[in-house]
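# Coordinate inspection notes
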Amino acid sequence: AEAEAALYFSGNRLLAGSEPAAHCYCGHQFGSFAGQLGDGAAMYLGEVLGPQGERWEIQLKGAGLTPFSRQADGRKVLRSSIREFLCSEAMFHLGIPTTRAGTCVTSDSKVIRDIFYDGNPKSERCTVVLRMASTFIRFGSFEIFKPPDEYTGRKGPSVNRNDIRIQMLDYVISTFYPEIQEAYSDNSIQRNAAFFKEITKRTARLVAEWQCVGFCHGVLNTDNMSIVGLTIDYGPFGFMDRYDPEHVCNGSDNTGRYAYNKQPEICKWNLGKLAEALVPELPLEISELILEEEYDVEFEKHYLQKMRKKLGLIQLELEEDSKLVSELLQTMHLTGGDFTNIFYLLSSFSVESDPSKLEDFLAELSGQCASVEELEVAFKPQMDPRQLSMMLMLAQSNPQLFALFGTKANINKELERIEQFSKLQQLTADDLLSRNKRHWKEWLEKYRVRLQKEIESVSDADAWNAAHVKVMNSNNPKYILRNYIAQNAIEAAENGDFSEVRNVLKLLENPFQEAEGFREVKEDAEEEGASAAAAACAQESRSRLPYCSKPPLWASELCVT
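What counts and how
Residues numbered from 1 in each chain as written. Predicted model: local features only at pLDDT ≥ 70, side-chain atom pairs only at ≥ 80, totals over all residues. Heavy atoms only, no water. Helix = DSSP H or I, 4+ residues; strand = E, 2+ residues; numbered from the N terminus. Rg over C-alpha atoms; globule rule 2.2 N^0.38 Å. Buried < 20%, exposed > 50% of the residue type's maximum accessible area, 1.4 Å probe, protein only. Contact = heavy atoms within 4.5 Å. Areas by Shrake-Rupley, 256 points an atom, 1.4 Å probe, with all protein chains shown as cover. Lys, Arg positive; Asp, Glu negative; His and termini not counted. Charge placed at Lys NZ, Arg CZ, Asp CG, Glu CD. Core = buried A, V, L, I, M, F, W, Y, C linked by side-chain atoms within 4.5 Å. Phe/Tyr/Trp six-rings, centres within 6.5 Å; stacked < 30°, edge-to-face > 60°. Pairing = 2+ DSSP bridges. Polar contact = N/O pair within 3.5 Å; in protein donor to acceptor, adjacent residues only side chain to side chain. Axes fitted to C-alpha atoms, helices over the stretch in contact; angles between N-to-C directions. Left-handed = near helix turned anticlockwise from the far one by under 90°. Nonpolar A, V, L, I, M, F, W, Y, C, P; charged D, E, K, R; others polar. Salt bridge = Lys/Arg side-chain N within 4 Å of Asp/Glu carboxyl O.

## Remarks on the overall build of the protein chain
- Along the backbone of the protein chain there are 19 helices and nine strands.
- At 25 Å, the protein chain has a C-alpha radius of gyration in line with the 24 Å of a compact globule built from 561 residues.
- By its C-alpha atoms, the protein chain is 70 × 65 × 60 Å across when sized along the principal axes.
- In the protein chain, which comprises 561 residues, the proportion classed as buried is 49%.
- Considering only contacts in the protein chain between residues 6 or more positions apart, those separated by 24 or more positions represent 69%.
- Carbon together with sulfur atoms contributes 51% to the accessible area of the protein chain, which is approximately 26500 Å² in total.
- Here the protein chain carries 61 positive and 82 negative side-chain charges, and the mean point of each set is 2 Å from the other.

## Focus: the nonpolar core
- F142, F196, L311, L346, L444, Y447 and L481 are the most contacted members of the largest nonpolar core, which totals 115 residues.
- Tallying contributions element by element places helix α5 (residues 188-213) first for this core, with 12 residues.
- Not counting residues up to four positions away in its chain, the partners in contact with L311 are L324, V325, L328, F343, L346, W443, Y447, L451, H468 and M472.

## Structural notes on the packing of aromatic side chains
- Going through the model one piece at a time under the given rule, you end up with 17 aromatic pairs.
- With a centroid separation of 5.6 Å and an interplanar angle of 25°, the aromatic rings of F349 and Y447 are classed as stacked. Pair noted here: F349 is in the loop between α9 (339-346) and α10 (355-367) and Y447 is in helix α15 (residues 429-456), with a separation of 98 residues, a long-range link. Neither residue differs from the other here; F349 and Y447 are each classed as buried.
- Between Y484 and W554 the ring centres are 6.2 Å apart and the planes differ by 90°, which places this aromatic pair in the edge-to-face class. On the criterion of sequence distance, the pair formed by Y484 in helix α17 (residues 483-494) and W554 in the segment after α19 (532-544) is long-range, its members being 70 residues apart.

## Re the pairing of strand β4 (residues 55-61)
- With respect to burial, β4 is a largely interior element, five of its seven residues being buried.
- Hairpin connection from strand β3 (residues 42-49) to β4: five residues lie between these consecutive antiparallel strands, with G53 at a positive phi of about 85°.

## Structural notes on the environment of S389
- Its location among the elements puts S389 in helix α12 (residues 385-397).
- Along the primary structure S389 and L169 are separated by 220 residues, whereas in three dimensions their C-alpha atoms are 54 Å apart.

## Section: the side chain of S18
- Within the secondary structure, S18 is located in the loop between α1 (2-9) and β1 (26-29).
- A distance of 2.9 Å separates the side chain of S18 from the backbone oxygen of L15, its partner in a polar contact.

## A closer look at the pairing of strand β7 (residues 122-133)
- For β7, a buried count of nine out of 12 residues is recorded, marking the element as mostly surrounded by other parts of the structure.
- Pairing between β4 and β7: five bridges, direction antiparallel. When the bridges of β7 are listed, I58 appears paired with M132.
- Pairing of strand β5 (residues 76-77) with β7, which is carried by two bridges, proceeds in the antiparallel orientation. Bridge assignment links K76 to a residue of β7, and that residue is T127.

## Some points on the packing of helix α3 (residues 162-176) against α5
- Contact pair α3 / α5: the axes reach a minimum separation of 11 Å and the direction vectors enclose 65°. Judged by the twist between their axes, the crossing of α3 over α5 is left-handed. Packed against α3, whose contacting residues are L169, D170, V172, I173 and F176, the element α5 presents R191, N192, F195 and R202 at the interface.
- Looking at side-chain class alone, the contact of α3 with α5 contains five nonpolar, one polar and three charged residues.

## Focus: the pattern of salt bridges
- As enumerated under the stated definition, the model contains 39 salt bridges in all.
- A salt bridge links K268 to E292; the shortest N-O distance between them is 3.4 Å. In this pair, K268 sits in helix α6 (residues 263-277) while E292 sits in helix α7 (residues 284-310), placing the two residues 24 residues apart along the sequence.
- Residue K268 is classed as buried on the basis of its relative accessible area, which comes to 16%.
- Notably, a salt bridge pairs E359 with K437, separated by 3.1 Å at the nearest N-O pair.

## Looking at unusual backbone geometry
- Of note, the amide linkage connecting V279 to P280 takes the cis form, showing an omega dihedral of 10°.
- Of note in the backbone geometry, F30 takes a positive phi value of approximately 50° without being a glycine.
- Within the secondary structure, F30 is located in the loop between β1 and β2 (32-36).
- Positioned with a positive phi, D233 is a non-glycine residue whose angle comes to about 65°.
- Along the chain, the position of D233 falls in the loop between β8 (215-216) and β9 (238-239).

Here is the structure:
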């Protein structure tokens, strides 16, 4: 049965009723209109209705050439396919709207890939992922009607085809927003406005969910934004380890456009581009007003609701909660705290003022903060001193020329790195531990006061505590798809051992639960494609690091583009 399934889900045999097609769309990529793009490696097979009438569009990604492959070969490799396969399932089990992955089929066929765009290509195994979602229509699907862009001069392939835009809107709203279609069947402008309002709110809630688990998408172009509010197109994504609001997961995002803290505003910008693409069927003055009135409010509301659950604030909703959350994140940033593990630990914080318990808890928290060695890696200067000196002079003498090479923000970041790195040279491990404990003690006192207000508002403190812990444990995952965990699974799979991919998948299907007696990663997996030092470190980590551990030092060398 598995061999037969592999034939169908590798694209070598067609499912009955399939009508293969590739989807044409456009997109704004890194802020600029790129013109026609389309599914260069994904092939639509058809749709299936589930037992409850739910609609699943089925796609194969990586099965070969499509009309939109351009200069590429339409293939995907084992490395990127395993990442997409595992992450789409991880997100689903975290309760975040997402496309799903059904199968991952690999072969002995090879393609050449220059992973880091550095002139060092390697041969990798072709792999096909079966993707499923209610629809893969994107914001960029509506940009095919765009007239020539004023900056790039590019245009969509269906300029002036408003008849197709009307057809697409009718299809999307009647199929995926039937309640809106029913409520406004006799007024298309009102119907389209209601649809835009709903996708605005869904997108705001989606990005709020990402922020609350430390997920970075990496390539938030308009062609990677779902028209039904799903997380779509898993490429150079990453779950943040050490909390850094400016964390960039995509090694090729040189300007940090899609950094963690910029995701909310970028998604709003993308909605603005969708609004432009719906004209004249939805006048811009209507959609822009909806965007301004709805997006920020919905994001802030959903984000704070989720953060209250993560902190176990289940009884009261106080204005001060927003400040408590931002002060927690500031403390995490100051101490280099592990985003996932700090939140997970907080459910075991005792409200009682017991100095010995507090000291034990501070020791646990400190264990999830960055060491001096980790901070030295994070703040290691990235520019040659001579290059930096030249750039600083150029910024002063010829700002126009300087603008072609870099930005003031990048230079300031480098200067900040140099300053931080210099301070770290004088810092001992004991000094760092003492400083971190002081920061956490200050914040925990504020948290204790807030929890005390919860307890004072209820009649049964024990019942409140049980509910408080339960809510925290169902909103703070113990396991996420960290890059180093994915890398271990990929390296084993590249050597023919898929057991680690299955192990990790099983773990990610229960992200909030302790994995009792869960088998650790195989110690004897061979290393491939890593540097000798990273390989040795990875091998050692496999025998002793639990899956919920903050990353080993070698993980900082991993780069995803």
